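Structure assessment
If you want the building blocks of each chain, they are given just below.
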Amino acid sequence: MIRVDGTHLRTVLSQWPSGVAVVTTVANEPAGPRPHGMTASSFSSVSLDPPLVSVCLGNHLPTRGLIAARGAFAVSFLGKDQAEVGRRFAGQHPAGTDRFAGLSWLTGPTGCPVLADATGWLECTVEHAYPGGDHTIFVGRVLDAGIPRVTAPLLFHSRSWGQLADPLPGEIVLTLADPPLLQVYAPGEAAAAAAAAAGRTVYVADAFHPDREADVLATLDALAAVPGVRIGCAEETPASPLQVRRVLQDAVVRVRPHELRVRLHGHHRLGLVNALVAMKSGVSRFDAARDAGGGLLAAADLAHLARQLGVACVETPDAENPELESRTESGRR
Ligand SMILES: Cc1cc2nc3c(=O)[nH]c(=O)nc-3n(C[C@H](O)[C@H](O)[C@H](O)COP(=O)(O)O)c2cc1C
């Protein structure tokens, strides 16, 4: 029988994105009932009629024993601004930290606490407790449910907290001068270009052409494999915002820890939309023209956009030219 290595399995499973819930119950202690809870992403809906949900909890966890003893649990879904709550209920704060400190919660028919700022909650009695390897699969019958707050959910993916809509960067950097362009078109050209770059940015040419997506990503992969290289994406074929999104959403992640620099055009009137999409995709470095009217997006327009978005904006005359180190700032929050 093939045996999957546990570390490898955890890494593969980390690629599965999930929402984040806090599963709570009540510990009956000599001093009186005490609320207890833990972060769980194994929540799942099971059945509408009867109303059933499930959570899988590690057999060694105190929460598992407390739920088995109480015969009841509650689930609170966390919102996008509650990563801190998620961390705390995952035991990532110093031992002894009161996980409920500073939080408001309510109790319903089971007495299990539900978070008042949750995006949704469910109160359940334990209907079944199935063995699931080193976890227990609790199936709960839902007695009551509510939506205290409508906001985007907190997500967990690849061992980090996230949101559905990518946040804007805190700051963007505009490079004002038109540096000499070093462009590559295909993955095979990447290594030689990176070697010749000598500290300058190597741009993937025509990066937003709809037919070039696979090639562009492969070229970025090849560039990212070269240590110390600076990587950019240059627009040639006028790009639609959706195409910019498709390429950059993947590109930004694939070149990490390198930062991706982007050259966008302004002449097709979609330049600022594309810049916004690029920012939302995690880009914080842009090439910009000193004056409007050329092909490249103008620095003043990008700075204006940044101001409108509350994003700080730093302008560098030419980041690739060591003689021009002076930096000016505009649009700082
Ligand atoms: C995002 C996230 C999701 C988690 N999901 C689960 C889960 O579904 N089941 C589980 O047993 N542990 C899960 N954990 C780990 C528990 O939250 C952690 O072990 C916690 O300390 C258990 O609390 P307890 O020791 O008080 O029982 C998760 C942790 C994080 C950060």
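Nothing here was measured: the structure is a model prediction, and the numbers come from that model.

Once that is clear, we can look at the layout of surface pockets. Picture a little ball the size of a water molecule; that probe, rolled over the atoms, points out where space is still empty. Size it by volume and the largest pocket reaches roughly 1,400 Å³. Contributions of two or more residues to the lining of the largest pocket are made by α1 (6–13), β3 (32–40), β5 (52–58), α2 (62–70) and β11 (154–157). A per-class count over the lining of the largest pocket returns 14 nonpolar, 14 polar and four charged. Put simply, the second largest pocket is a space of about 960 Å³. Lining the second largest pocket are 32 residues, and of these Gly162, Gln163, Asp166, Val253 and Arg256 lie nearest its centre. Residue assignment for the lining of the second largest pocket shows that the elements contributing at least two residues are β11, β12 (160–163) and α6 (241–255). Per-element accounting of the lining of the second largest pocket gives the leading share, seven residues, to α6. Class assignment for the residues of the lining of the second largest pocket results in 14 nonpolar, 10 polar and eight charged.

Contact geometry of helix α7 (residues 271–280) with helix α8 (residues 299–309) gives a least axis separation of 10 Å together with a crossing angle of 55 degrees. Relative to α8, α7 is oriented oblique. Of the two possible hands of crossing, α7 and α8 adopt the one that is right-handed. Contacts between α7 and α8 pair Leu272, Ala275, Leu276 and Met279 from the former with Asp301, Leu302, Leu305 and Leu309 from the latter. Classifying every residue of the contact of α7 with α8 gives seven nonpolar, no polar and one charged.

Now for the domain arrangement of the chain. Domain assignment breaks the chain into domain 1 (6–162) and domain 2 (171–332). A C-alpha centroid distance of 42 Å is found between domain 1 and domain 2.

Moving on: the site of the ligand. Taken together, 20 residues are adjacent to the ligand, and His36, Thr39, Ser42, Gly58 and Thr63 come closest. For the ligand, a nitrogen atom lies 2.9 Å from a polar atom in the backbone of Ser41. The separation between an oxygen atom of the ligand and a polar main-chain atom of Pro62 is 3.4 Å. Considered on its own, the ligand offers 650 Å² of accessible surface; in the complex 81% of this is hidden by protein.

Remark: helix α5 (residues 213–224) packs on α6, axes separated minimally by 10 Å, with the N-to-C direction vectors making an angle of 20 degrees. Judged by the angle between their axes, α5 and α6 are roughly parallel. Handedness of the crossing formed by α5 with α6: right-handed. Where α5 abuts α6, its residues Glu213, Val216, Leu217, Leu220, Asp221 and Ala224 lie against Gln243, Arg246, Val247, Asp250, Ala251, Arg254 and Val255.

Residues of the chain with pLDDT of at least 70 account for 93%, and the chain-wide mean is 90. This stretch, residues 321–333, has a pLDDT under 50; its non-local contacts, to residues over four places away or in other chains, come to 30 contacts.

On to the environment of Pro109. Secondary-structure assignment places Pro109 in the loop between β7 (105–107) and β8 (113–115). Note on Pro109: relative accessible area 54%, which makes it exposed. Through-space distance from the C-alpha of Pro109 to that of Arg64 is 20 Å; in sequence the pair is 45 residues apart. With residues up to four places along the chain from it excluded, the contact list for Pro109 reads Glu123, Leu143 and Asp144.

What counts and how
Residues numbered from 1 in each chain as written. Predicted model: local features only at pLDDT ≥ 70, side-chain atom pairs only at ≥ 80, totals over all residues. Heavy atoms only, no water. 1 Å grid on protein atoms, 1.4 Å probe; cavity = no way out; pocket = protein on both sides within 12 Å on 5 of 7 lines; lining within 4 Å. Points joined across faces, edges and corners; volume = space filled by probe spheres on them. Helix = DSSP H or I, 4+ residues; strand = E, 2+ residues; numbered from the N terminus. Nonpolar A, V, L, I, M, F, W, Y, C, P; charged D, E, K, R; others polar. Axes fitted to C-alpha atoms, helices over the stretch in contact; angles between N-to-C directions. Parallel < 35°, antiparallel > 145°, perpendicular 65-115°, else oblique. Left-handed = near helix turned anticlockwise from the far one by under 90°. Contact = heavy atoms within 4.5 Å. Domains from an automatic or database assignment. Near = heavy atom within 4 Å. Polar contact = N/O pair within 3.5 Å; in protein donor to acceptor, adjacent residues only side chain to side chain. Areas by Shrake-Rupley, 256 points an atom, 1.4 Å probe, with all protein chains shown as cover. pLDDT = per-residue confidence, 0-100. Buried < 20%, exposed > 50% of the residue type's maximum accessible area, 1.4 Å probe, protein only.

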